[in-house]
Amino acid sequence: MDVHKAVIPAAGLGTRLLPVSKAVPKELLPLVDRPMLHYIVEEALDAGITQIVIVTSQGKDALADYFDPAPYLEKVLEERGEGATAAAMRRVRTEAEFIFVRQHEQLGLGHAVYTARHAVGDEPFAVMLPDDIIDAPTPALGQLLATAQQYNASVVAVEEVPPERISGYGVIEPEDVADGVYRVLSMVEKPTQYNAPSNLGIVGRYILTPEVFSALNHVTPGAKGELQLTDGIALLMETQAVYARRFEGIRHDAGNPLGLIKASVSLALKRPDLGPALRKWLQETLAQEQG
Ligand code: UTP
């Protein structure tokens, strides 16, 4: 299975990050010194996917602007000896090819993916949620691609979720097929901890066959008129096998204030230029708090 395109749905309202998301699209909020969207595009490139379809909406033109060339700024950075930052800026705009499509109404993640159908065409593709930041030695998307290629089928990323948080996830009923790989028997969106079919929650990376578009077209929207991606995948499962991969790595939900801070601190602690000073400050601050 060859996958050339990644769809990044970025047209949502970002209400959990109001009021800042009123003025700055949530996908451009910074983790240390680059927008979360930057990490997602880097992850796609690291997994060998260069064609990026970004689903945007009214008021979010800054998403496209971010990938415009900035030769003057890059030159300034290079003159200051900050060539690595200039290279990171250049990489995402030169190695990736972008297509922007517009979602006119926020009718859910499934609808955002469906909006990208003409840009994707009749080929398997990836979906990457920009507020799910996955810090992994092998890019999470690359791990999923390997499984999709091995089974020639759609694959969703899953992680183990503690019972008290499972109600925030789509949860799979798994059948073990290999270490960390499952055949998905069924999926339940936001179950209670008592009726969850497992502790494996779906997170924001998917490899999907193009038949999911037709499935999405047949899904009945939920109570708020929203089209859920998991409902489309559940319908796809009636005609095709779908697998799940428990990826290696740490995932941060950067779509809410606490998750955004945790992701930023965790990424900064790993940076040689910032980590030592931040670690010292955190230790001193915690020690002061404990009195
Ligand atoms: P989220 O539910 O995390 O994002 O969707 P949201 O709706 O923007 O945020 P909250 O819940 O109001 O705080 C995951 C991704 O799907 C996109 C979002 O932009 C986000 O990146 N999305 C969601 C769309 O593109 N369109 C939609 O209709 C809904």
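Here, every reference points to the structure presented above.
Not measured: the values here are computed from a predicted model. (Residues numbered from 1 in each chain as written. Predicted model: local features only at pLDDT ≥ 70, side-chain atom pairs only at ≥ 80, totals over all residues. Heavy atoms only, no water.)

S.K.: Can you help me understand the pairing of strand 12 (residues 242–246) in this one?
M.R.: Among the five residues of strand 12, four are classified as buried, and the element is accordingly described as predominantly covered. Relative to strand 12, strand 8 (residues 154–160) runs parallel, the two sharing five bridges. Following the sheet pairing, Val-158 is matched in strand 12 by Arg-246. Relative to strand 12, strand 10 (residues 181–189) runs antiparallel, the two being bridged by three bridges. Looking at the pairing, Tyr-182 lines up with Ala-244 of strand 12. (Buried < 20%, exposed > 50% of the residue type's maximum accessible area, 1.4 Å probe, protein only. Helix = DSSP H or I, 4+ residues; strand = E, 2+ residues; numbered from the N terminus. Pairing = 2+ DSSP bridges.)

S.K.: Honestly, the pattern of salt bridges in this entry has me stumped. Any pointers?
M.R.: Should the charged atoms of two oppositely charged side chains come close, the side chains can pair. Applying the stated criterion to the full structure yields 22 salt bridges. For Asp-131, the salt bridge goes to Lys-26, with nearest N and O atoms at 2.7 Å. Taken together, the residues span a long stretch of sequence, with Asp-131 in the loop between strand 6 (125–128) and strand 7 (132–135) and Lys-26 in the loop between helix 1 (20–23) and strand 2 (30–31) at a distance of 105 residues. For Asp-131, a relative accessible area of 11% gives the class buried. Judged by its relative accessible area of 12%, Lys-26 falls in the buried class. Across the pair Lys-75 and Glu-79 runs a salt bridge whose closest N-O atoms are separated by 3.3 Å. (Salt bridge = Lys/Arg side-chain N within 4 Å of Asp/Glu carboxyl O.)

S.K.: Mind showing me how you'd approach a negative patch on the surface here?
M.R.: A contiguous patch of negative charge, built from Glu-175, Asp-176, Asp-179 and Glu-248, is present on the exposed surface. The residue Asp-176 is located in strand 9 (residues 170–178) in this model. (Patch = residues over 30% accessible without salt bridge, like charges linked within 9 Å, V, L, I, M, F, W, Y side chains within 5 Å. Areas by Shrake-Rupley, 256 points an atom, 1.4 Å probe, with all protein chains shown as cover. Lys, Arg positive; Asp, Glu negative; His and termini not counted. Charge placed at Lys NZ, Arg CZ, Asp CG, Glu CD.)

S.K.: Explain the packing of aromatic side chains here, please?
M.R.: For any two aromatic rings, the description comes down to two numbers: the centre-to-centre distance and the angle of the planes. The full count for this structure, using the stated rule, is five aromatic pairs. Relative to Tyr-243, the ring of Tyr-151 lies with its centre 4.5 Å away and its plane at 25°, an arrangement referred to as stacked. Pair noted here: Tyr-151 is in helix 8 (residues 140–151) and Tyr-243 is in strand 12, with a separation of 92 residues, a long-range link. According to the relative accessible area criterion, Tyr-151 is partly exposed, its value standing at 22%. Judged by relative accessible area, which is 12%, Tyr-243 ranks as buried. Three or more aromatic residues joined by ring pairs make a cluster, and in this case those are Tyr-66, Phe-67, Phe-98 and Phe-100. For the cation-ring pair, Arg-117 lies above Tyr-114, with the distance from its terminal atom to the ring centre recorded as 4.0 Å. (Phe/Tyr/Trp six-rings, centres within 6.5 Å; stacked < 30°, edge-to-face > 60°. Lys NZ or Arg CZ within 6 Å of the ring centre and 35° of its normal.)

S.K.: Teacher, can you tell me more about the site of the ligand here?
M.R.: The environment of the ligand is formed by 18 residues, the closest being Gly-12, Gly-14, Thr-15, Arg-16 and Gln-103. The contact in question runs from an oxygen atom of the ligand to an N or O atom on the backbone of Pro-9, over 2.9 Å. (Near = heavy atom within 4 Å. Polar contact = N/O pair within 3.5 Å; in protein donor to acceptor, adjacent residues only side chain to side chain.)

S.K.: Just to check I follow, could you spell out helix 8 for this structure?
M.R.: Think of an α-helix as 3.6 residues a turn; residues three or four steps apart then line up on the same face. The end-to-end C-alpha distance of helix 8 is 17 Å, a good match for the 16 Å that twelve residues give at a rise of 1.5 Å each. Turning to helix 8, its buried residues number three or more, namely Ala-140, Leu-141, Gly-142, Gln-143, Leu-144, Leu-145, Thr-147 and Ala-148. Trailing helix 8 by a residue or two, Asn-152 shows a phi angle of about 50°, which is positive. (Expected span 1.5 Å × (residues − 1).)

S.K.: Quick question: what am I supposed to make of the environment of Phe-125 here?
M.R.: Within the fold, Phe-125 resides in strand 6. For the pair Phe-125 and Pro-210, spaced 85 residues apart in sequence, the C-alpha separation works out to 7.3 Å. Those residues within four positions of Phe-125 in sequence are excluded, and the remaining contacts are Val-3, Lys-5, Val-7, Val-113, Val-120, Tyr-206, Ile-207, Leu-208, Thr-209, Pro-210, Val-212 and Phe-213. (Contact = heavy atoms within 4.5 Å.)

S.K.: What am I meant to see in the nonpolar core here?
M.R.: One broad trend across soluble globular proteins is that nonpolar side chains are buried collectively. In this structure, Ile-8, Leu-31, Ile-49, Ile-133, Leu-141 and Ile-207 are the most contacted members of the largest nonpolar core, which totals 49 residues. The element contributing the most residues to this core is helix 2 (residues 36–46), with seven residues. Filtering out sequence-adjacent residues up to four positions away, Leu-31 remains in contact with Met-36, Tyr-39, Ile-133, Ala-254, Leu-260, Ala-263, Ser-264 and Leu-267. Listed in part, the 36 residues of the second largest apolar core include Val-158, Leu-200, Ile-202 and Tyr-206. (Core = buried A, V, L, I, M, F, W, Y, C linked by side-chain atoms within 4.5 Å.)

S.K.: When you look at helix 2 in this model, what are you seeing that I'm missing?
M.R.: Among the eleven residues of helix 2, ten are classified as buried, and the element is accordingly described as predominantly covered. Among the residues making up helix 2, those that are buried are Met-36, Leu-37, His-38, Tyr-39, Ile-40, Val-41, Glu-42, Glu-43, Ala-44 and Leu-45.

S.K.: What is the right way to read the packing of helix 9 (residues 211–218) against helix 10 (residues 229–236) from this model?
M.R.: Two quantities define a packed helix pair, namely the angle between the helix axes and the distance between the axes. In contact at an axis separation of 8 Å, helix 9 and helix 10 are set at 110° when each is read in the N-to-C sense. Judged by the angle between their axes, helix 9 and helix 10 are roughly perpendicular. The hand of the helix 9/helix 10 crossing is right-handed. Contact residues: helix 9 offers Glu-211, Val-212, Ala-215, Leu-216 and His-218, while helix 10 offers Leu-229, Gly-232, Ile-233, Leu-235 and Leu-236. Tallied by class, residues from the contact of helix 9 with helix 10 come to seven nonpolar, two polar and one charged. (Axes fitted to C-alpha atoms, helices over the stretch in contact; angles between N-to-C directions. Parallel < 35°, antiparallel > 145°, perpendicular 65-115°, else oblique. Left-handed = near helix turned anticlockwise from the far one by under 90°. Nonpolar A, V, L, I, M, F, W, Y, C, P; charged D, E, K, R; others polar.)

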